[in-house]
Structures are given as C-alpha cells and as structure tokens.
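# Coordinate inspection notes
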Amino acid sequence: MSDSSPRPLDLPVWPQFDDTERANLLRALEQGQWWRMGGSEVDSFEREFAEYHGAPHALAVTNGTHALELALQVMGVGPGAEVIVPAFTFISSSQAVQRLGAVAVPVDVDLDTYCVDVAAASAAVTSRTAAIMPVHMAGQMSDMDALAKLAADAGVPLLQDAAHAHGARWRGKKVGELGSVSAFSFQNGKLMTAGEGGAVLFSDTELYEAAFLRHSCGRPRTDRHYRHEVAGSNFRINEFTASVLRAQLSRLDGQIDTREERWPVLAGQLARIPGVVPQGRDERCDRKPHYMAMFRLPGVTEERRNAVVDELVARGVPAFAGFRAIYRCDAFWETAAPEESVEAIAERCPNTEKLNADCVWLHHRTLLGTEEQMHAVAGIVAEVVGRV
Ligand SMILES: *Cc1c(COP(=O)(O)O)cnc(C)c1O
C-alpha cells in the first residue's frame, strides 16, 4: 500500500494542563472564598511571579490590556500626555494609552527584531512625552540598554509591554530586574495562561501601592467603611485564575528550554527557503521565550501573505498573519489620535509598512514539537511559499 497522503503534523496542543491545574483549582474552590481579598491564591501567585522575574512586587490583574492601562495611570499618564509606542504591535499597547485620554505616538520598528527602533523613538520625544513603551516582540527583548539611556535623557519612565516575554532575559537580567515597570498577559494564547489574566511588575513600592489601590476601586486593602481614596476601577483577578497561573508558572521554564532548542532548528530551515526571512535575534536577549515563531516574506503583497497563511493552516500549520500596523486600524483613530495623517505616519514607518504586509507567525506550540516536526513544518512552508 502506498502512503501518498502526508502524515498529520500532530503538534502539541495549547493550552497545556495536567493534575497540577486540577489540584490547584480544587484547592481554590474549597477555600470557600473566591476573590483575592478572601483567599490566598492571588497573593501566592503574585509572590511567585515577582520572585521568578526578580521584581520586588507583582500585582495580578484582569488582563494584559488592563495591566498596561493601570501601569500608565500610576505613572501619571492622562489627557495631554504622549506615550511612544511601536507601530507594529497588538493594539492593546496603544489602546491602553488612549483609554486614559493620552495620545499614543507610533514609531517604527527594527526590520530584523521587529522591536521598537530606538532612533525613531528618540526622534518622537517631545515636551509632552510621559512614557516610552517598548514591546518585546515574540519574546525578543527590545534594546533595553539604549532605551534606558533614552528614557533617562528624556526624563520619562519606561513601561515594558512584556505580554510576549514571560521568563525573558536581557544580558542575564530578568524582566523585573531592569528597573522599569513591566506588564504581562495571561490570555489563552500567551506563554502561560488561565484563559484571561494579567500582571504588572514594580520595583518601586510606592508605585505598587498606588496600583493596588487603583485596581480595587481606590479602596485600601483593609477598608470596611467605603473609603475610596483615589479614582480607579475593578481590575481584580479571582482565586481560580491565580490557582491555574501558579501551575502554569511551574511549567514555564521547561517549555522555554524546549522552544529555545527548537527555534534555531526551525529558523535555520526557514532561512534556506527562497523568499523567507525569519525574525532575527539580538544576542543580548540571552533567554528568549519565543511567544511566536515569526518570519517575513519580503516583497509579497498583503493578499499573497494572507493566501500563504490560509494554505499553511489548511496543511495543519498553526499560522497567522502578523499584526496590522496600529495606525492602519480604525480603532486607533477613534479617540486621542495624533495630529498626523495615516500617510505621514506610514512615511516615517517604512519597516512597519513592510511587516504590515509580509509578516507571518506560527503559534508557539509549534516550537514545543519534536525536532523532526520542525523539519516537517519548514518543508510545508517551503512548498506553500513556492506555490501560492
Ligand atoms: C496579548 C497582548 C496584550 C494584551 O493582553 P490581553 O490579556 O489580551 O488584554 C498587550 N500587548 C501585546 C503586545 C499583546 O500581544
């Protein structure tokens, strides 16, 4: 019997869970107190997540978008302020800024790492700049040396959008050891997840205390008399979510190790395919958790890129189109938009324009597969890119 149909890829599923999540969920349930003020799971998770990232404080919140919003709020970002964000990112980076009535100023990214171009960020600093928000794209950390200098020179804080960067390191330093605030997401696709969730890491105790107050309707932890001291909202996470995240955190290092082993194999194969250029790596990011396996198809149109993604999906490869440039989303123009046209922003963001059309990414569960599967995936990419 000839075997003409290709074997299914059968890559690992995401999210992953085992008896650890089961036991933790039951433990949370049986506490009989399911919010953070009554139970101990959120407090424990915050301690463990902070310690894992070398930060003095972690505050768990409802999701990554709220994590960014809360961090910006306690940094004093509000109406009249500007925050510099990369133009190539998930829309939450700019939406969090705009929700506070501040202007998100998109700047170009580096064509190799897809992280913020520091020269472009520097050129965008004005007297209204209140913060700079690098995004560690797919776990590739932004140039934290150059950004620290830029922020210090401009006299503004950095806010790391670390939604892709759980466990990442920059020259040996963990995300929480870099002296700036960082915001994480635990949405279903992220590197550790409870379906939804987020966290903010602080090195500064006063900022952490301010964030705690604002994330709980401005109410002090022990208050029983409705003394709401500052404006805020309810960004509290529940005990079930935290119990699952504790289990997920215990699995993260092993998964990063596997992805760190697989990516060079896959990237090496991808780089040999004509018309395919994998995301590059700044070696100063000496631990990259690989939230996405990203590559470009330089020179293709958006339509052709989309056709490649559709064909990869049809062949069992978990592929996605790269982010749309934030200034090319209608949402970006609804509130607190910069006084600049789409064309003017596109003109000064040539690399984002390229990525907007030609970037493809594969789900990180791909990189949890076997070495053999990396070859199979690259083989399918080669066939599809050669044909579509
Ligand atoms: C996922 C993501 C967020 C937002 O996280 P949610 O938990 O989905 O709100 C923010 N920034 C980036 C870059 C992301 O990829």
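Residues numbered from 1 in each chain as written. Predicted model: local features only at pLDDT ≥ 70, side-chain atom pairs only at ≥ 80, totals over all residues. Heavy atoms only, no water.

As annotated in an unreviewed UniProt entry, the protein is 3-amino-5-hydroxybenzoate synthase from Actinoalloteichus caeruleus DSM 43889. Under the UniProt heading Sequence similarities (unreviewed entry), the note attached to the protein is "Belongs to the DegT/DnrJ/EryC1 family." According to UniProt, the comment filed for the protein under the heading Cofactor (unreviewed entry) is "pyridoxal 5'-phosphate". (UniProt positions renumbered as here; feature names shortened; annotations may be inferred.)

### A few points about helix α8 (residues 239-271)
A rise of 1.5 Å per residue sets the reference length of α8, with its 33 residues, at 48 Å; its end C-alpha atoms lie 44 Å apart and thus fit the reference within 8%. In α8, a bend of some 40 degrees at L252 exceeds every other bend along the element. The N-capping residue of α8, defined by a side-chain oxygen 2.9 Å from the backbone nitrogen of F240, is N238. (Helix = DSSP H or I, 4+ residues; strand = E, 2+ residues; numbered from the N terminus. Expected span 1.5 Å × (residues − 1). Bend = angle between axes of the 7 residues up to and from the residue. Polar contact = N/O pair within 3.5 Å; in protein donor to acceptor, adjacent residues only side chain to side chain.)

### Some details on the pairing of strand β8 (residues 181-185)
With five of five residues buried, β8 is to be regarded as a mostly interior element. Side-chain alternation along β8 places V181, A183 and S185 on one buried face and S182 and F184 on a second face that is also buried. Sheet analysis places strand β5 (residues 159-161) next to β8, joined by three bridges and oriented parallel. By the bridge assignment for β8, Q160 is matched with S182. (Buried < 20%, exposed > 50% of the residue type's maximum accessible area, 1.4 Å probe, protein only. Pairing = 2+ DSSP bridges.)

### Quick notes on the packing of aromatic side chains
On inspection of all chains with the given rule, the structure shows 13 aromatic pairs. Relative to F184, the ring of F49 has its centre 5.0 Å away and its plane inclined at 90 degrees; by these criteria the two rings are edge-to-face. Linking F49 in helix α2 (residues 41-52) with F184 in strand β8, this pair joins segments that are 135 residues apart in sequence. With respect to burial, F49 and F184 carry one shared label: buried. With a centroid separation of 6.2 Å and an interplanar angle of 55 degrees, the aromatic rings of F90 and F323 are classed as tilted. Within this pair, whereas F90 is found in the loop between β2 (82-86) and α4 (92-99), its partner F323 is found in the loop between β12 (319-321) and α10 (342-348), the two being separated by 233 residues in sequence. According to the relative accessible area criterion, F323 is buried, its value standing at 14%. (Phe/Tyr/Trp six-rings, centres within 6.5 Å; stacked < 30°, edge-to-face > 60°.)

### Some words on the nonpolar core
Formed by 55 residues in total, the largest nonpolar core has its most connected members in F49, F88, M137 and M294. Composition of this core by domain shows at least three residues from each of domain 1 (19-247) and domain 2 (252-387). Among residues more than four places away in sequence, those in contact with F88 are V109, Y114, M137, M294, G322, F323, T352, L355 and C359. L72, V77, I91 and V200 belong to the second largest nonpolar core, which has 40 residues in total. (Core = buried A, V, L, I, M, F, W, Y, C linked by side-chain atoms within 4.5 Å. Domains from an automatic or database assignment. Contact = heavy atoms within 4.5 Å.)

### Comments concerning the site of the ligand
Surrounding the ligand, one finds 15 residues, the nearest of these being G64, T65, H164, S185 and K190. The separation between an oxygen atom of the ligand and a polar side-chain atom of H164 is 2.7 Å. Taking 380 Å² as the accessible area of the ligand by itself, protein coverage stands at 92%. Sorting elements by how many residues they give to the shell around the ligand places helix α3 (residues 64-74) first, with three residues. For the shell around the ligand, the residue count by class is four nonpolar, nine polar and two charged. (Near = heavy atom within 4 Å. Areas by Shrake-Rupley, 256 points an atom, 1.4 Å probe, with all protein chains shown as cover. Nonpolar A, V, L, I, M, F, W, Y, C, P; charged D, E, K, R; others polar.)

### Focus: unusual backbone geometry
Peptide bonds are mostly trans, and most non-glycine residues show a negative phi. Omega for the bond connecting W14 with P15 falls within 30 degrees of zero, at 0 degrees, which places this linkage in the cis form. Positionally, P15 belongs in the segment before α1 (19-30). Its identity as a non-glycine residue notwithstanding, C217 has a phi of 60 degrees, on the positive side. Here C217 shows up in the loop between α7 (205-215) and α8. Residue C217 is classed as partly exposed on the basis of its relative accessible area, which comes to 34%.

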